[in-house]
Amino acid sequence: MINEPYFNQLLDDLMMAVEDAVDQLDTNIDYENAGGMLTLTCVNNSQIILSRQPPLRQLWLAAKSGGFHFVFNEQSNQWLCDANDEPFVSLLNRCLSEQSGECITLTL
């Protein structure tokens, strides 16, 4: 298990990368980063919430399609869903596309 300072740095970097990627989109998705949570709001007001879970060293994603838990895989250097090993960015793009009704491809 990774230590807490490294976990927090990884998530700080990831949240900033998501914000930067959203800024690059041609679509209107808003975001708010507060209290360790990043909330992405689509034009239709549906939301995707990313939250850090320090005791578990996990990143949680809440979307209309469900809740997903990610752990950092040091070998592949990416966050993977603990249920199916789907990479974080793949699952986030899928959820954003479903909820916004547009094809969303964030590049992190």
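Below is a summary of the structure that appears in this document. Numbering of residues starts from 1 in every chain and runs along the sequence as written. pLDDT decides what is reported in this predicted model: residues at 70 or higher carry local features, side-chain atom pairs at 80 or more are listed and counted, and totals for whole chains, interfaces and linings draw on all residues regardless. Processing note: side-chain calculations cover all non-hydrogen atoms of the structure and skip hydrogens and water entirely.

Describing the environment of Glu74
Part 1 of the reasoning: Topologically, Glu74 is positioned in the loop between strand E5 (66-73) and strand E6 (78-81).
Part 2 of the reasoning: Along the primary structure Glu74 and Arg57 are separated by 17 residues, whereas in three dimensions their C-alpha atoms are 13 Å apart.
Part 3 of the reasoning: Residues within four places of Glu74 in sequence aside, it is in contact with Ile2 and Tyr6. Runs of E in the DSSP output that reach at least two residues are strands. Runs of H or I that reach at least four are helices, and both are numbered from the N terminus. In what follows, a contact means two residues having at least one pair of non-hydrogen atoms within 4.5 Å.

Notes on the pattern of salt bridges
Part 1 of the reasoning: Each salt bridge in this description consists of a side-chain nitrogen of Lys or Arg and a carboxyl oxygen of Asp or Glu lying within 4 Å of one another. Tallying each qualifying case throughout the model produces 2 salt bridges.
Part 2 of the reasoning: A salt bridge links Arg94 to Glu86; the shortest N-O distance between them is 2.7 Å.
Part 3 of the reasoning: Each residue's exposure class comes from its accessible area (1.4 Å probe, protein chains only) as a fraction of the maximum for that residue type: buried when under 20%, exposed when over 50%, partly exposed otherwise. In this structure Arg94 comes out as partly exposed when scored by relative accessible area, which is 33%.

Some remarks on the packing of aromatic side chains
Part 1 of the reasoning: Working definition: a ring pair exists when centres of Phe, Tyr or Trp rings (six-membered ring for Trp) sit within 6.5 Å. Plane angles under 30 degrees give stacked, over 60 give edge-to-face, the rest tilted. Within the structure shown, the criterion is met by 4 aromatic pairs.
Part 2 of the reasoning: Geometrically, the ring pair formed by Tyr6 and Phe72 is edge-to-face, given 6.3 Å between the ring centres and 90° between the ring planes. Of the two residues, Tyr6 sits in helix H1 (residues 4-23) while Phe72 sits in strand E5, which places them 66 residues apart along the sequence.
Part 3 of the reasoning: Residue Phe72 is classed as buried on the basis of its relative accessible area of 13%.
Part 4 of the reasoning: For the ring pair Phe70 and Phe88, a centre distance of 5.3 Å and an interplane angle of 85° mean the geometry is edge-to-face. In this pair, Phe70 is assigned in strand E5 and Phe88 in helix H2 (residues 88-100), connecting sequence segments 18 residues apart. For the pair shown, Phe70 and Phe88 are each scored as buried.
Part 5 of the reasoning: Following the ring pairs from residue to residue traces out a cluster consisting of Tyr6, Phe7, Phe72 and Trp79.

Re the layout of surface pockets
Part 1 of the reasoning: In this structure, the largest pocket occupies an estimated 220 Å³ of space.
Part 2 of the reasoning: Surrounding the largest pocket, Leu10, Asp13, Leu14, Phe72, Asn77, Gln78, Trp79, Pro87, Phe88, Val89 and Leu108 form its lining.
Part 3 of the reasoning: Where the lining of the largest pocket is concerned, the elements lending two or more residues are H1, E6 and H2.
Part 4 of the reasoning: For the lining of the largest pocket, the element with the most residues is H1, which contributes 3 residues.
Part 5 of the reasoning: In the lining of the largest pocket, the residues fall into 8 nonpolar, 2 polar and 1 charged. Buriedness for pockets is judged along seven lines, at least five of which must meet protein on both sides within 12 Å for an open set on the 1 Å grid over protein atoms alone, while cavities are sets there where a 1.4 Å probe fits but cannot get out, and lining residues have an atom within 4 Å of a point. Grid points are joined across faces, edges and corners, and a volume is the space filled by probe spheres set on the points. Polar here means any residue outside two lists: the nonpolar Ala, Val, Leu, Ile, Met, Phe, Trp, Tyr, Cys and Pro, and the charged Asp, Glu, Lys and Arg; Gly therefore counts as polar.

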